[in-house]
Amino acid sequence: MSTNLRRRLHHGDIDGRRNEHYEISGLDEPLLQSHERQIEPKGVFLGDLLNADRTKEQIHWTFLFTHVIAQWAQWLANIVVGSRSFIERFLPGASSNPIGSNTNLRLPCLSPLQEERLSNLKLRLGVPFDGSLLEHQDALKQLWRLAYPDRLLPSLKSELWKEMGWQGCDPSTDFRGGGYISLENLIFFATKYPISFQRLLHKIDGKRAEWEYPFAVAGINISFMLAQMLDLQKGKPSTAAGIRFLELLAHDELAFDNLYCVAFKMMDAQWLAKRASYMEFNDVMKSTRTQLERELVLEDVLSVKDLPAYNLLTG
């Protein structure tokens, strides 16, 4: 792997937004003067007095007209706000809240099946990786065999693990916040979608960076990102994406694992589209999360297979 880091600059923010700053220039004088102009009695003519009276009259009528306009604008605003509240009361879908907003979200009543599946998923999320457990060691060996079916299995501490994208010779040190479920996700990906898994592992698609993201460690990050995005650390999800995920869970007990595979392919597609390099991995993960959240709240998404990005797995 090349030690040279090449950073590619690309225009525009990841989420399409730009930070804008507006400056308001100061005023040398207040808009409304607080002092009155003094008129000296000496040298005053009748025309001047008439002009002064006319000016006062114009100011008076201008004030009255401005007051009427302000009252009319307030009345119109009240009608608009009242109408919007009326419409939203009878047509919930007409709300002006943006998609994905947590405002006024209501957690649906979960069925016993959903409760059971959510509980099982939380139990999986709570299991840390333990390199001393035989079950966890066997899972690592299984992952190697799925990734490299034609190669000999190395010891659990070997430089060969780096080829899969672990940071050191001992994969157990890379799990940290990802937990055992992140290893299960990788195994599920390799078993359920072997072609896509192999293409990602060997970085076959697209023009790759000279300093690529490490495959296995990226997989751990995706598991962690999904758990946060779906709000699974709390009692029950309260975000728009998390609530929609509960609906997916009702139709698919392995919805989290399937969503993981979609997210991994989506992340790689974002990586290629941005021509990213290692130091931009966090930015790519943020844009991946944003895109996944948007797809999850689409009205016609009833299962993971309904996500537009699911085609990346099968295409």
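Check the entry above for the structure.
These notes cover the structure that comes with them. (Residues numbered from 1 in each chain as written. Predicted model: local features only at pLDDT ≥ 70, side-chain atom pairs only at ≥ 80, totals over all residues. Heavy atoms only, no water.)

1. Description of the environment of L254
Stage number 1. Tracing the chain through its elements places L254 in the loop between α7 (240-251) and α8 (255-273).
Stage number 2. Classification of L254 as partly exposed rests on a relative accessible area of 38%.
Stage number 3. Between the C-alpha atoms of L254 and L121, which are 133 residues apart in sequence, the distance is 9.0 Å. (Helix = DSSP H or I, 4+ residues; strand = E, 2+ residues; numbered from the N terminus. Buried < 20%, exposed > 50% of the residue type's maximum accessible area, 1.4 Å probe, protein only.)

2. Digging into the nonpolar core
Stage number 1. Residues M164, W166, L226 and F264 are the most contacted members of the largest nonpolar core, which totals 66 residues.
Stage number 2. Elements represented by at least two residues in this core include exactly α2 (112-125), α3 (134-147), α4 (179-192), α5 (194-201), α6 (215-229), α7, α8 and α9 (281-296).
Stage number 3. Top contributing element to this core by residue count: α8, with eleven residues. (Core = buried A, V, L, I, M, F, W, Y, C linked by side-chain atoms within 4.5 Å.)

3. Regarding the environment of K203
Stage number 1. By the secondary structure assignment, K203 is in the loop between α5 and α6.
Stage number 2. Residue K203 is classed as buried on the basis of its relative accessible area, which comes to 17%.
Stage number 3. Counting along the chain gives twelve residues from K203 to F215, while the straight-line C-alpha distance between them is 8.8 Å.
Stage number 4. Here K203 is in contact with R208, E212 and Y213, once residues within four sequence places are set aside.
Stage number 5. At 3.4 Å, the side chain of K203 forms a polar contact with the side chain of E212. (Contact = heavy atoms within 4.5 Å. Polar contact = N/O pair within 3.5 Å; in protein donor to acceptor, adjacent residues only side chain to side chain.)

4. Observations concerning the pattern of salt bridges
Stage number 1. Evaluated as defined, the whole model comprises twelve salt bridges.
Stage number 2. Residues joined by salt bridges that share partners form a network here, namely K203, R208, E212 and D268. (Salt bridge = Lys/Arg side-chain N within 4 Å of Asp/Glu carboxyl O.)

5. As for the packing of α8 against α9
Stage number 1. Relative to each other, α8 and α9 sit at 125°, their axes nearing to 9 Å. In terms of axis orientation, α8 runs oblique to α9. As for how α8 packs across α9, the hand of that crossing is right-handed. Mapping the contact onto sequence places L259, V262, A263, M266, M267, Q270 and W271 in α8 and F281, V284, M285, S287, T288, Q291, L292, E295 and L296 in α9. (Axes fitted to C-alpha atoms, helices over the stretch in contact; angles between N-to-C directions. Parallel < 35°, antiparallel > 145°, perpendicular 65-115°, else oblique. Left-handed = near helix turned anticlockwise from the far one by under 90°.)

6. A few points about α8
Along an α-helix, residues three or four apart share an orientation, since each turn contains 3.6 residues.
Stage number 1. With 19 residues, α8 should cover 27 Å at 1.5 Å per step; its first-to-last C-alpha distance of 27 Å lies within 8% of that length.
Stage number 2. Taken across its 19 residues, α8 has 16 buried, putting it largely inside the fold. (Expected span 1.5 Å × (residues − 1).)

7. Some thoughts on α2
Stage number 1. Compared with an ideal rise of 1.5 Å per residue, which puts 14 residues at 20 Å, α2 spans 20 Å between its outermost C-alpha atoms and is within 8% of the ideal.
Stage number 2. For α2, the complete set of buried residues consists of Q114, R117, L118 and L121. In a view along the axis of α2, the buried residues occupy a sector of 100°, so they form one face of it. Exposed positions of α2 whose direction lies more than 90 degrees from the buried face are P112 and L123.
Stage number 3. Looking at the buried residues of α2, the elements they touch are α4, α7 and α8. (Arc of directions from axis to C-beta.)

8. A closer look at the environment of F175
Stage number 1. Assignment of secondary structure puts F175 in the loop between α3 and α4.
Stage number 2. As a C-alpha pair, F175 and N221 span 46 residues in sequence and 9.0 Å in three-dimensional space.
Stage number 3. Among residues more than four places away in sequence, those in contact with F175 are F129, L140, W166, S182, L183 and I220.

9. Focus on unusual backbone geometry
Stage number 1. Even without a glycine there, the phi angle at K203 is positive, about 50°.
Stage number 2. The backbone of D231 sits at a positive phi, close to 60°, despite the residue not being glycine.
Stage number 3. Structurally, D231 can be placed in the loop between α6 and α7.
Stage number 4. Judged by its relative accessible area of 6%, D231 is buried.

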